[in-house]
Amino acid sequence: MALAASALMSLNRKFSFSHTQPFLFSSFPRSVLSLQILTLTKVVKFYACKGIPNANRWNKVSFRTSHSINFSLLFEKRGIGFRNGIVAAAAAASPSPVNEDISQKETPQRIYTWPDNKKPKVCILGGGFGGLYTALRLESLIWADDKKPQVLLVDQSERFVFKPMLYELLSGEVDAWEIAPRFSELLANTGIQFFQDRVKMLHPADHLGMNGSTGSCSGTVALESGLLIEYDWLVLSLGAEAKLDTVPGAAEFAFPFSTLEDACKVDNKLKELERRKFGKDSLIRVAVVGCGYSGVELAATVSERLQDRGLVQAINVNTTILPTAPPGNREAALKVLSSRKVQLLLGYLVRCIRKESDLEGFAMPTDAGVFPKSLAEHGSEKYILELQPAERGLQSQILEADLVLWTVGSQPPLPQLEPYDKTHELPLNGRGQAETDETLRVKGHPRIFALGDSSALRDMNGRILPATAQVAFQQADFTGWNLWAAINDRPLLPFRFQNLGEMMTLGRNDAALSPSFIEGLTLEGPVGHAARKIAYLIRLPTDEHRLKVGISWLTKAAVDSVASIQSTLSKVLSGS
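Everything quoted here is computed from the prediction, not taken from an experiment. (Residues numbered from 1 in each chain as written. Predicted model: local features only at pLDDT ≥ 70, side-chain atom pairs only at ≥ 80, totals over all residues. Heavy atoms only, no water.)

J.: Hey, could you run me through the overall build of the protein chain in this one?
T.: Per the secondary structure count, the protein chain includes 16 helices and 25 strands. Counting contacts in the protein chain only where the partners sit at least 6 residues apart, residues at least 24 apart contribute 68% of the total. Roughly 28,800 Å² of accessible area belongs to the protein chain as shown, and the carbon and sulfur atoms make up 54% of that amount. (Helix = DSSP H or I, 4+ residues; strand = E, 2+ residues; numbered from the N terminus. Contact = heavy atoms within 4.5 Å. Areas by Shrake-Rupley, 256 points an atom, 1.4 Å probe, with all protein chains shown as cover.)

This is the structure:
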């Protein structure tokens, strides 16, 4: 015990730190830092083996550095920081746990080993329309043997999600595997590697020279699992996440609708409400916030599903729905929503969302409009939306809802940068999107491409291109080609968006499609529905998946046709 205490005091004097002061590494060389961390870890392990009490006090030691080394990755995995790394090391050496809160085993940072260090290394962050289709485009191009890049795709989900068809999950028109196949299946016959992981930190180095040659790579990407990826070329296509922090109560009580998990949660919530209200006179009340494409498609789909058992109320700050859509799509949507008795509340802002309580004796809601946790757990399942008029002549309203669907606001989840140096920062706009030139390269970073929701590319009129699947799909084609051109020292092509038209679903057998090449034409109803499904079938990622989905859809259509014929014959025979 005395020996251990003496060693600790010596170490404390050597490094000049205390339990209440941060441990400063800014002036130490990296090689010395590694030795110091190893020594400190061994001392803590020695203390743990000896059973010294109050070992948890080591959890208070914090570390700061101005170097590019990310010390938290040395011990971190799945959210457990470096400040817990020392305790975890002691716990690993002791049969009894040092800190009962730490349940995951810490893993040191490790560097990803590319199969061939001589070939270009392309890391693609995000497996949506931009990222996955860029990877597939690179795979389809013709390369010289020494130039063909190694491609690594990273996404936090195990599935690619064809987001324009998420609404069909609520109507039961498609199965999850059809619009959300696993990356492992899509990439099985390619040379593309896939990692399911979250991006934690980005350290670009290509700003130091146009060739991005600052050493052995043009930058590194740190993942939450502790893996460090060195790359020659980087593609940012991380999509966007729902932004729910703009209205009090939205994050607690509203359901976003942008991922497969979101769609499954909404479907389960609707099933729960349908079971609870079955055989009762009360309606299922659904509030949809936002009347852009997503909000209108959700309102149309949910209203068709609930029919006379529900009431859908759609709220929009503008005085019209689909303000940027072609007139034909807007008119078709208004016709469908009116026929399904969807109530439109136009010109209103949602001021707050709170949970209604039918129980007595609970505290009133806070100023932010959010009930205390105890009330949220024991209160009713109804929600109150306070609407504030955005136009003159309107009165404030209070809505009651069993389910709140949120379709407004999004933000791109670009990774954080290593904080030690300001010179490598990415140029971002107010929404957090990377500013790119017309070749889709991030300004000031010739080895980094950005597309889809991660890019702030502007059109010929200076407007930022919309964050749609069509834009990301076209940008992926250009990104793949420009990567080929850059690797082969060829000139890069400027991206030009070609608007092919706009499509939207309005129900199980209803849709609207306005092609841009025929002015004034809008296909709606069953014809528009069939055209939309064919267009999306063609856009599915691989030939194999297109074939499987095509057979599945044809089989379902045949079964539905037979069922419809049988129903018609039954009605005719019963009537005779």
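J.: Even after reading the chapter, I still don't get empty space enclosed by the protein, so can you show me in this structure?
T.: Empty space among the atoms becomes apparent when a probe as large as a water molecule is rolled across them. Taken as a whole and judged by the stated rule, the model has three cavities of 30 Å³ or more. Estimates place the volume of the largest cavity at around 60 Å³. Every residue lining the largest cavity is listed: Gln433, Gly452, Asp453, Ser455, Leu457, Leu465, Pro466, Ala467, Val471 and Gln475. Of the residues assigned to the lining of the largest cavity, the class counts are five nonpolar, four polar and one charged. (1 Å grid on protein atoms, 1.4 Å probe; cavity = no way out; pocket = protein on both sides within 12 Å on 5 of 7 lines; lining within 4 Å. Points joined across faces, edges and corners; volume = space filled by probe spheres on them. Nonpolar A, V, L, I, M, F, W, Y, C, P; charged D, E, K, R; others polar.)

J.: Got a minute to help me understand the packing of aromatic side chains in this structure?
T.: Think of a pair of aromatic rings as described by two things: how far the centres are apart, and how the planes are tilted against each other in angle. Tallied over the entire structure, the rule returns 14 aromatic pairs. Judged by centre distance (5.9 Å) and plane angle (55 degrees), the rings of Tyr133 and Phe160 are tilted. One end of the pair, Tyr133, is in helix H5 (residues 129-140); the other, Phe160, is in the loop between strand S5 (150-155) and helix H6 (167-171), and 27 residues separate them in sequence. Given the relative accessible area of 1%, Phe160 is considered buried. Consider the rings of Tyr167 and Phe257, whose centres lie 5.3 Å apart with planes at 25 degrees: the pair is stacked. Residue Tyr167 is located in helix H6, and its partner Phe257 is located in the loop between strand S12 (255-256) and helix H10 (260-277); the two are separated by 90 residues in the primary sequence. Each member of the pair, Tyr167 as well as Phe257, carries the same accessibility label: buried. In textbook terms, an aromatic cluster arises when at least three aromatic residues are bridged by ring pairs, as seen for Phe129, Tyr133, Phe160, Phe162, Phe473 and Tyr536. Cation over ring: Lys533 sits above Trp553, and NZ or CZ is 4.3 Å from the ring centre. Directly above the ring of Phe473 sits Arg539, whose terminal nitrogen or CZ lies 4.3 Å from the centroid. (Phe/Tyr/Trp six-rings, centres within 6.5 Å; stacked < 30°, edge-to-face > 60°. Buried < 20%, exposed > 50% of the residue type's maximum accessible area, 1.4 Å probe, protein only. Lys NZ or Arg CZ within 6 Å of the ring centre and 35° of its normal.)

J.: Can you walk me through the sheet that holds strand S17 (residues 383-389) in this structure?
T.: Adjacent strands of a sheet pair through backbone hydrogen bonds, lying either parallel or antiparallel. The strand order across the open sheet built from three strands is S16-S17-S18, with neighbouring strands paired in antiparallel fashion. Edge positions in the sheet fall to strand S16 (348-355) and strand S18 (397-401), since each of these pairs with one other strand and no more. Taking the axes of each pair of neighbouring strands and ignoring which way they run, one obtains an average angle of 25 degrees across the sheet. Looking at chain direction, S17 and S18 are connected through five bridges and run antiparallel. Paired with Leu385 across the bridge in S18 is Leu399. (Pairing = 2+ DSSP bridges. Axes fitted to C-alpha atoms, helices over the stretch in contact; angles between N-to-C directions.)

J.: How should helix H15 (residues 525-539) be read in this particular structure?
T.: Residues lying three or four places apart along an α-helix face the same way, a consequence of the helix completing one turn every 3.6 residues. Here H15 is 15 residues long and its end C-alpha atoms lie 21 Å apart, about the 21 Å a rise of 1.5 Å per residue gives. Among the residues of H15, those classed as buried are Gly525, Gly528, His529, Arg532, Lys533 and Tyr536. Viewed end-on, H15 has its buried residues packed into an arc of 130 degrees, placing them on one side of the element. Opposite its buried face, H15 presents the exposed residues Val527, Ile534 and Ile538, each directed more than 90 degrees away. In this structure, the buried side of H15 is in contact with H6, helix H11 (293-306), strand S23 (501-507), strand S24 (510-515), strand S25 (523-524) and helix H16 (543-575). (Expected span 1.5 Å × (residues − 1). Arc of directions from axis to C-beta.)

J.: Could you clarify how one ought to interpret the packing of H5 against helix H14 (residues 469-487) in this entry?
T.: Relative orientation of the contacting elements H5 and H14 amounts to 35 degrees, with a least axis distance of 8 Å. At the point where H5 passes H14, the crossing takes the right-handed sense. Between H5, through Phe129, Gly130, Tyr133, Thr134, Arg137 and Leu138, and H14, the contact on the second element is made entirely by Ala469, Ala472, Phe473, Ala476, Asp477, Thr479, Gly480, Trp481 and Leu483. Class assignment for the residues of the contact of H5 with H14 results in nine nonpolar, four polar and two charged. (Left-handed = near helix turned anticlockwise from the far one by under 90°.)

J.: Just to check I follow, could you spell out the pattern of salt bridges for this structure?
T.: Pairing between side chains of opposite charge can happen when the charged atoms of each approach one another. Considering all chains together, one arrives at 24 salt bridges under this definition. Linking Asp245 and Lys243 is a salt bridge whose minimum nitrogen-to-oxygen distance equals 3.4 Å. The class of Asp245 is exposed, set by a relative accessible area of 58%. Arg496 is paired through a salt bridge with Glu438; the nearest N and O atoms lie 3.3 Å apart. Placement of Arg496 in the loop between H14 and S23 and of Glu438 in the loop between strand S21 (416-417) and strand S22 (448-450) is noted, with a sequence separation of 58 residues between them. Connected through shared salt-bridge partners, Asp267, Lys271, Glu274, Arg305 and Arg309 make up one network. (Salt bridge = Lys/Arg side-chain N within 4 Å of Asp/Glu carboxyl O.)

J.: Help me understand the pairing of strand S19 (residues 403-406), please; the structure alone is not making it clear to me.
T.: Note on strand geometry: in a regular strand, side chains alternate between the two faces of the sheet. Side-chain alternation along S19 places Leu403 and Leu405 on one buried face and Val404 and Trp406 on a second face that is also buried. Both S12 and S19 contribute to a ladder of two bridges, which runs parallel. Residue pairing in the sheet places Pro256 in a bridge with Trp406 of S19. As judged from the four bridges shared by strand S13 (residues 284-289) and S19, these two strands associate in the parallel manner.

J.: Just to check I follow, could you spell out unusual backbone geometry for this structure?
T.: Trans is the prevailing form of peptide bonds, just as negative phi is the prevailing case for residues other than glycine. In the Ramachandran plot, Gln307 falls in the positive-phi region, its phi being about 55 degrees despite a non-glycine side chain. By secondary structure assignment, the location of Gln307 is in the loop between H11 and strand S14 (310-316). You can call Gln307 exposed: its relative accessible area is 58%. Positive phi outside glycine occurs at Leu322, with the angle close to 45 degrees. The class of Leu322 is buried, set by a relative accessible area of 2%.

J.: I keep staring at the sheet that holds strand S6 (residues 193-196) and nothing clicks. Help me out?
T.: In spatial order, the strands read S6-S5-S4-S10-S22; together these five strands make up an open sheet with parallel pairing. Edge positions in the sheet fall to S6 and S22, since each of these pairs with one other strand and no more. Each strand of the sheet is rotated relative to its neighbour by a mean of 20 degrees, with strand direction disregarded. In the packing of H5 onto the sheet, contacts are made with strand S4 (121-125) and S5, and the angle to S4 comes to roughly 155 degrees. Lying on the sheet, H14 is in contact with S4, strand S10 (233-236) and S22; it crosses S10 at an angle near 165 degrees.

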